[in-house]
Amino acid sequence: MRALLAVLMTLLAAGPAGAESLVVSLSFNRLAVTSTYAGTSVAVFGAIERDGQAAARSGGYDVVATIRGPRQALTVREKEALGPVWVNRGQQKFAEVPSFLAVLSSRPLAGIADEATRRRLRLGLTAIVAAPDLTLAAPAPDDPFREALLRLRRRERLFSESEAGVRFLAPTVFQATAPLPATAPVGSYDVEVVLLAGGVPLARHEARFDLVKSGIEQGIATVARDWSLAYGLAAGALALISGWLASVIFRRD
């Protein structure tokens, strides 16, 4: 009985469950990529809905939006100079790494939540890269391969983090905009928006958009995927014909 009373008191002290919820919309749900594609940006619009009985929070809200690109397996290798050549010294395989990552927050993540909460909710590039299921190897502090992965993807502009990427247009209305470089791969992108207050998560919303090829690029990709044998034979025949034509055109008498 005392245990039940303690649980009830804890719930009452924490406030009503589900007092806040999120309504999120994206600037587009599907974007066609052509040969002239030079990159774009995606905007995330959101509104915080409060329960009619919930009072406004004195400390305000924090929002973290995370955009993840299609997952891929990759290997990070450590190279060492051995005289004039470079040799592989060690490597680590990563099972499911987002090909694109953008983290946008309303203020610095360290001020939004403590490190344990950020790791649990995977808020921020460091917390995502340090996730145990990112690789088959057990995570270790100061893992050089994870640090190298983060550094290389940042350099390629495929991983980014903006501490002022979420802007409140009103106390309960916000907007976040993330650039998508031309190197961002096609596929499905997951958008996760987390609402917090005082370091405590209150609500979470997920959305998705797609980058798809269009035009002749899409036709070639579809044939290569669905008719791989015919595509390979056609490519080989085209190469032979091109070689024969070149020999005829540039033949010397």
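Cut-offs used in this document
Residues numbered from 1 in each chain as written. Predicted model: local features only at pLDDT ≥ 70, side-chain atom pairs only at ≥ 80, totals over all residues. Heavy atoms only, no water. Helix = DSSP H or I, 4+ residues; strand = E, 2+ residues; numbered from the N terminus. Buried < 20%, exposed > 50% of the residue type's maximum accessible area, 1.4 Å probe, protein only. Contact = heavy atoms within 4.5 Å. Areas by Shrake-Rupley, 256 points an atom, 1.4 Å probe, with all protein chains shown as cover. Pairing = 2+ DSSP bridges. Axes fitted to C-alpha atoms, helices over the stretch in contact; angles between N-to-C directions. Expected span 1.5 Å × (residues − 1). Polar contact = N/O pair within 3.5 Å; in protein donor to acceptor, adjacent residues only side chain to side chain. Phe/Tyr/Trp six-rings, centres within 6.5 Å; stacked < 30°, edge-to-face > 60°. Patch = residues over 30% accessible without salt bridge, like charges linked within 9 Å, V, L, I, M, F, W, Y side chains within 5 Å. Salt bridge = Lys/Arg side-chain N within 4 Å of Asp/Glu carboxyl O.

Draft legend 1. A look at the overall build of the protein. From N to C terminus, the protein includes seven helices and 12 strands. Within the protein, buried positions represent 33% of all 253 residues. For the protein, restricting intrachain contacts to residue pairs at least 6 apart in sequence, the fraction spanning at least 24 positions comes to 69%. Approximately 15,600 Å² of the protein is accessible, and the part contributed by carbon and sulfur atoms is 58%.

Draft legend 2. Seen up close, the sheet that holds strand β11 (residues 187-197). Here we have six strands laid out as an open sheet, ordered β2-β12-β11-β4-β7-β8, and mixed in their pairing. At either end of the open sheet lies a strand with only one pairing partner, and these are β2 (30-33) and β8 (159-162). When strand polarity is set aside, the average angle formed by the axes of neighbouring strands in this sheet is 15°. In terms of strand pairing, strand β4 (residues 62-68) meets strand β7 (residues 101-105) through five bridges, oriented antiparallel. Counted as the bridge partner of V64 is S105 from β7.

Draft legend 3. Region of interest: helix α5 (residues 144-155). Here α5 is 12 residues long and its end C-alpha atoms lie 16 Å apart, about the 16 Å a rise of 1.5 Å per residue gives. For α5, the side-chain oxygen to backbone nitrogen distance between the N-cap and F145 is 3.0 Å, and the N-cap itself is D143. Downstream of α5 by one or two residues, R157 has phi in the positive range, about 65°.

Draft legend 4. Looking closely at the sheet that holds strand β3 (residues 40-50). Pairing is antiparallel across the open sheet formed by four strands, whose spatial order is β1-β3-β10-β9. A single partner strand is all that each edge strand has here, and the edge strands are β1 (20-26) and β9 (166-170). When strand polarity is set aside, the average angle formed by the axes of neighbouring strands in this sheet is 25°. As judged from the seven bridges shared by β1 and β3, these two strands associate in the antiparallel manner.

Draft legend 5. Geometry of the packing of aromatic side chains. Within this structure, the stated rule accounts for four aromatic pairs. Their ring planes at 75° and their centres at 5.3 Å tell us that F28 and F209 sit as a pair that is edge-to-face. Separated by 181 residues along the polypeptide, F28 in the loop between β1 and β2 and F209 in strand β12 (residues 200-213) bring together distant segments of the chain. Taking relative accessible area as the criterion, F28 reaches 14% and is therefore assigned buried. Judged by relative accessible area, F209 falls into the buried class, the value being 0%.

Draft legend 6. Structural detail: a nonpolar patch on the surface. Taken together, the side chains of I241, W244, L245, V248, I249 and F250 make up a nonpolar region of the molecular surface, amounting to roughly 670 Å² of accessible area. Examined against the element boundaries, V248 turns out to sit in helix α7 (residues 228-249).

Draft legend 7. Here's a closer look at the pairing of strand β10 (residues 173-180). The pairing of β3 with β10 spans eight bridges and is classified as antiparallel. Within β10, the position partnered with V42 by the bridge is A178. Pairing analysis gives four bridges linking β9 to β10, with the strands arranged antiparallel. Across the sheet, the residue bridging to V166 is A176, located in β10. The antiparallel pairing of β9 with β10 creates a hairpin that spans two residues between the two strands.

Draft legend 8. Quick look at the pattern of salt bridges. The full count for this structure, using the stated rule, is 10 salt bridges. Here R119 and E115 are joined by a salt bridge, their closest N and O atoms 3.3 Å apart. Within this pair, R119 and its partner E115 are both found in helix α3 (residues 115-121), separated by four residues, close to a single helical turn. Under the relative-accessibility criterion, R119 is labelled partly exposed at 43%. Between R204 and E206 there is a salt bridge whose closest N-O contact spans 2.2 Å. Because the salt bridges share partners, they merge into one network encompassing R68, E192, R204 and E206.

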